[in-house]
Amino acid sequence: MKQLQSIHTNMLVFSVCYAVLLLVCGNTFADEVTMLPRTRNEVTTNPRQDPDSEKIPMNSEDSSSQLTVERIFSANEFQEDRIGTIVWSKLGAGYFTLKGATAEANVPALLRVDAASGNEEIVVPASAFIPTGESKPLSVDGFAFSADESRLLLYTNSQRVWRLNTRGDYWVLDIASGKLTKLGGAASPSTLMFAKFSPDGSRVAYVRENNLYIQDLREMSITALTTDGSARLINGTADWVNEEELMIRDGYRWSPDGQSVAFWRFDTTGVEEFHLIDNTQGTYPRLTSFPYPKVGRTNSASRIGVIPTAGGETRWLDLPGDPREHYLPQMEWAPDGGAILIQQMNRLQNVNRVMLWDVKSGEIRTMLTETDPAWLENENPVRWMDNGKRVVWLSERNGWRHAYQASTDGKGFFAITDGDFDVLSVEKIDEVHGRLYFTASPDNPTQRYLYRVSLDGAKPERVSPANQPGWHSYDISPDATWAIHRYSTFRTPPVVELIRLEDHRVVRVLADNSKLREKLARLESPSVELFRVDIGNGLLLDGWCLKPPMVNPAGKYPLLFHVYGEPHGQTVRDAWQGPLGLWHWMLAQQGYLVASVDNRGTNSPRGREWRKCVHRKIGIIAPEEQAAATQALLKRWSFADAKRVGIWGWSGGGSMSLNAIFRFPELYHTAIAVAPNADQRLYDTIYQERYMGLPADNADGYRLGSPITCAQQLKGNLLLVHGTGDDNGHYQGTEMLMNELIAHNKRFTVMPYPARSHAINEGSNTVLHFYSLLTDYLHTHLPVQKPD
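Residues numbered from 1 in each chain as written. Predicted model: local features only at pLDDT ≥ 70, side-chain atom pairs only at ≥ 80, totals over all residues. Heavy atoms only, no water.

**Overview of the packing of helix α4 (residues 578-589) against helix α11 (residues 766-781)**
Reasoning step 1: Taken N-terminus to C-terminus, the directions of α4 and α11 make an angle of 25°; their axes are 12 Å apart at the nearest point. Considered as vectors, α4 and α11 are oriented roughly parallel to each other. The chirality of how α4 crosses α11 is right-handed. Contact residues: α4 offers Leu580, Trp583, Met586 and Leu587, while α11 offers Tyr771, Leu774, Thr775 and Leu778.
Reasoning step 2: Grouping the constituent residues of the contact of α4 with α11 by class yields seven nonpolar, one polar and no charged. (Axes fitted to C-alpha atoms, helices over the stretch in contact; angles between N-to-C directions. Helix = DSSP H or I, 4+ residues; strand = E, 2+ residues; numbered from the N terminus. Parallel < 35°, antiparallel > 145°, perpendicular 65-115°, else oblique. Left-handed = near helix turned anticlockwise from the far one by under 90°. Contact = heavy atoms within 4.5 Å. Nonpolar A, V, L, I, M, F, W, Y, C, P; charged D, E, K, R; others polar.)

Structure follows, in C-alpha cells:
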C-alpha cells in the first residue's frame, strides 16, 4: 500500500508523494487554483497513565524540557512558521500572496510582492472579497489569475473528495472594477471542481457532477459541453483508482486557442463497488458505495475526447488496445494546438507508449515507447521544449534515472544527464539560457540538492550551497531568476527564503522558525545517529536512530523501529520530521531507542536495481532485509535489549509491521500496525499490479507477501489500528486478519476508529487520542525499565 501523505499539523502541503506522516513542504505553490487542505486542530484530553509506574521513565527536570503527546498534537506548541500560498507572476519579477488573515476568517488582502525589493502592493483589498448583499467576506481556499492578471478566480467553501478538498464554489473578481461574481448559476453549493480560465481569460471551464461546463464571463451564460455524466460515467475528472494512483483529478485541458477542450472520460460500468458503512451518523447506518477495482478485477474504461467550447460533437481519440486494459496517465495539448500528446500504459505498467494525435487528421503516431522489465512509474508529466518539438523525459533505461531530450518526430533521443546517480525531479526548463534544473543527491541518498546542467548535456553544477548538507526544495519562478528555497535537516526545522537562482544568494528570509528553534533548544535532546548498516553480501542500508539523552553503555533499552518499506516511501531522510519526528523524540526522552531503516524497494535514489529488485516480491524481500538490519543493529548496539524489540508503521508500513512480527516472531516482540493491508489481493489494480503483476500469474507472490498468510505464527504483542471509513486500505482486510488470528487462538488488541479515513484524523480529539493510544501501548508492552 502507498504511504500516508498526511500530517497532523496546521501546515499547507503539496498533494503529492512523500514519507509516511513526515512533515513535508509547508507552502503550496500553484499556477492554477491552489488547494488548502483543512487543518487538524484537536481537543486536548489526558492520556491514560499506565498503572505500572515503575516501567515508565520519570524525569525530575523542568517539565518544559520534556515532550508530551499533548504538547505535540494538541497544544500546537511546535508549529512551524507559515508563509502561506505563493503564486509567481507570469508578467513580472514578483509573486502574489494572501496576507493579513485572522484566526476568525481566512480573508487577507491579496498582495503583489516585488522579488528584488520586497515592496508589497495591495492588488485586492480584503473588502473586495465581500459579495454584494453580504456582510462577511469569502473565506478564500485558493486563487488563480487569468493570463493577463486582470481577473482573479477564487476558490471557496471547499469540500473533501477522497484525499483532497477538490469540490467547492468559485467566484471571479474583476480587479479593475472590483466586481465579484459567483460561477455556476443555480448549481448547488460546493459542487464545482477544477475551474480554470480560458487562455484569453474571457471564460471559465469547470466540472460539475461529472459533466463539463463553460461559463462566459461577459454574459455569464453557461454551456454544457457534456450531458451524459452520471455516477458511473465520469467526464473531466476521474474515478477513485485513477485519482488515487495516477493523480488524475483535474481531468480536462483547454486548447491553446481556447476553441476546444480535451478531457478524460472514465466509464466504471462493470467495476465492482466497495461499500463503507458509517454507523455514527444516526439511528441507521449510512452507506457510501463507489467503484473500486481490486487486483485482477475489471477496471474502468478510459478514453480521451475533444469537444468544441461552443458545444457540439465529441471527437474520440482512436487509441489502440482495450480501454479497460490500459491507463492514460498523461495528456496535454502541444503548444501550437496542432496535436495532443497522450501517454498510454498497459495494465502491467511496464510499457508506456507516448503518442501524438493530429488535431486535423485524427491520425495517431507513436513518438516514444518506454519499457522496463519490472514496472514504470507515472513520473513524466509533459515537459515541452522548443515550442513542442521536443520533451524532457525521465528514464531508467541505463540503470539510473536520468533526463533525456526526446524529439516529437521520433527521430531524436539523447541524454541531458548521465552518471551513477538518480535525477529525483525536474524542477525547471530554462530554454532562454539553455539549462535544466533538477534535484539529485549523488553522494548521499538521504539528502536532496538542486543542480543545473546545460541542455546539451555538459557536466552538472550543484546550485544548493555546499555548506548546507540536508534536504533542499525549490519553487522556481517562470523565468528561472528567483526561487523560494526551503532547507532543513533531520535535526533542524526549515528555513524558507527567497533567493536569486543564479548564485543562490539569499534576498530575504521568509520564515526562519526562530521561535520553534528556541523552543526546541529548551528540550532535553536525544542524540541522533545517521548510519549505514551492513546486512550481508555487501548490502548497506541507510538508517537513523534517536537515542535517549543519557545512554548508559551497560544498560538495556527497548528498540522501536519505524518502518514503511514499500515503493512509495523513504523514511530515512536528512530532513525535518515534523510532529511525527517530535513524537519519536519524546519516546527517546522516555528511554526508547527509536530507529528506521530503508530496505531495497523503497524509492531511495540508489539506482534502478535497488528500487526494482522487489518486483513481484512485495512483502517478501523487504521484511527479510528489515529483520537482517535489526539483527545487525542489535549486535552493534550492546545497550539495545534484544528481548524488547518493537516495530510500527502506517499503511504499507502497517503491512510491513505485520510481516515482521508474523514471520520473525523470535526477533520482534511488539508491533503496531496502522491501516495495514493484510492481504494484497484486497488492494486496487493500478498500485498492486504495478509491483506484483496479476494475481493469476503470481499467485505465490501474493500469498507469500501477504501478512495474513503467516498470522498463525504470532507470538508477541500486536495492536491493530484502522479507520472503519478507510476508502483506500479497507478495514475489511483488518477484519479478515482478526478472523485468522482468532482461528489460531492468537491474542491481540484492536482499535477501530469509527468512520475515520486512511489518515485517521477526522473528528474531535482523534489525533491526540491516536498518539496517546500508541504511546500507552508501548509503555505497557515495550516498557522502559526503571534503572536500579
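So much for the structure itself; the text now carries on.
**Digging into the environment of Pro754**
Reasoning step 1: Looking at the element boundaries, Pro754 is found in the loop between β43 (749-753) and α11.
Reasoning step 2: Assessed through its relative accessible area of 35%, Pro754 is described here as partly exposed.
Reasoning step 3: In this structure the C-alpha to C-alpha distance between Pro754 and Ser527, which are 227 residues apart in sequence, comes to 38 Å.
Reasoning step 4: Ignoring anything within four residues of it in the chain, the contact list for Pro754 reads Thr280 and Thr724. (Buried < 20%, exposed > 50% of the residue type's maximum accessible area, 1.4 Å probe, protein only.)

**Quick look at the environment of Gly100**
Reasoning step 1: Mapped onto the fold, Gly100 is located in the loop between β2 (94-99) and β3 (109-114).
Reasoning step 2: Considering only alpha carbons, one finds Gly100 and Leu111, 11 residues apart in sequence, at a separation of 9.8 Å.

**Regarding the sheet that holds strand β25 (residues 390-395)**
Reasoning step 1: The antiparallel open sheet is built from four strands, whose spatial order is β24-β25-β26-β27. Both edges of this open sheet fall to β24 (384-385) and β27 (413-415), since each of them pairs with a single strand only.
Reasoning step 2: Inspection of the sheet shows β25 paired to strand β26 (residues 402-407) by six bridges, in the antiparallel sense. Bridge assignment links Val392 to a residue of β26, and that residue is Gln405. (Pairing = 2+ DSSP bridges.)

**So, the pairing of strand β30 (residues 449-454)**
Reasoning step 1: Along β30, five of the six residues are buried, which leaves the element largely enclosed by surrounding structure.
Reasoning step 2: Pairing of strand β29 (residues 435-440) with β30 involves six bridges; the strand directions are antiparallel. Following the sheet pairing, Leu436 is matched in β30 by Val453.
Reasoning step 3: Relative to strand β31 (residues 461-462), β30 runs antiparallel, the two sharing two bridges. Within β31, the position partnered with Tyr451 by the bridge is Arg462.
Reasoning step 4: What sits between the antiparallel neighbours β30 and β31 is a turn of six residues, in which Gly457 has the positive phi angle 95°.

**Overview of unusual backbone geometry**
Reasoning step 1: Phi is positive for Met220, close to 65°, though the residue is something other than glycine.
Reasoning step 2: Residue placement: Met220 occurs in the loop between β11 (211-216) and β12 (222-224).
Reasoning step 3: The class for Met220 is partly exposed, based on a relative accessible area of 25%.
Reasoning step 4: In the Ramachandran plot, Ile760 falls in the positive-phi region, its phi being about 50° despite a non-glycine side chain.
Reasoning step 5: Positionally, Ile760 belongs in the loop between β43 and α11.

**What about the packing of helix α6 (residues 621-636) against helix α7 (residues 652-663)?**
Reasoning step 1: Across the interface, α6 lies against α7 with an axial gap of 9 Å and an inter-helix angle of 65°. With respect to α7, the element α6 is oriented roughly perpendicular. The way α6 lies across α7 gives a crossing that is right-handed. For the pair α6 and α7, contact is made by Ala622, Pro623, Glu624 and Gln626 and by Met656, Asn659 and Arg663, respectively.
Reasoning step 2: Residue composition of the contact of α6 with α7, by class: three nonpolar, two polar and two charged.

These values are about where atoms sit, not about what they do.
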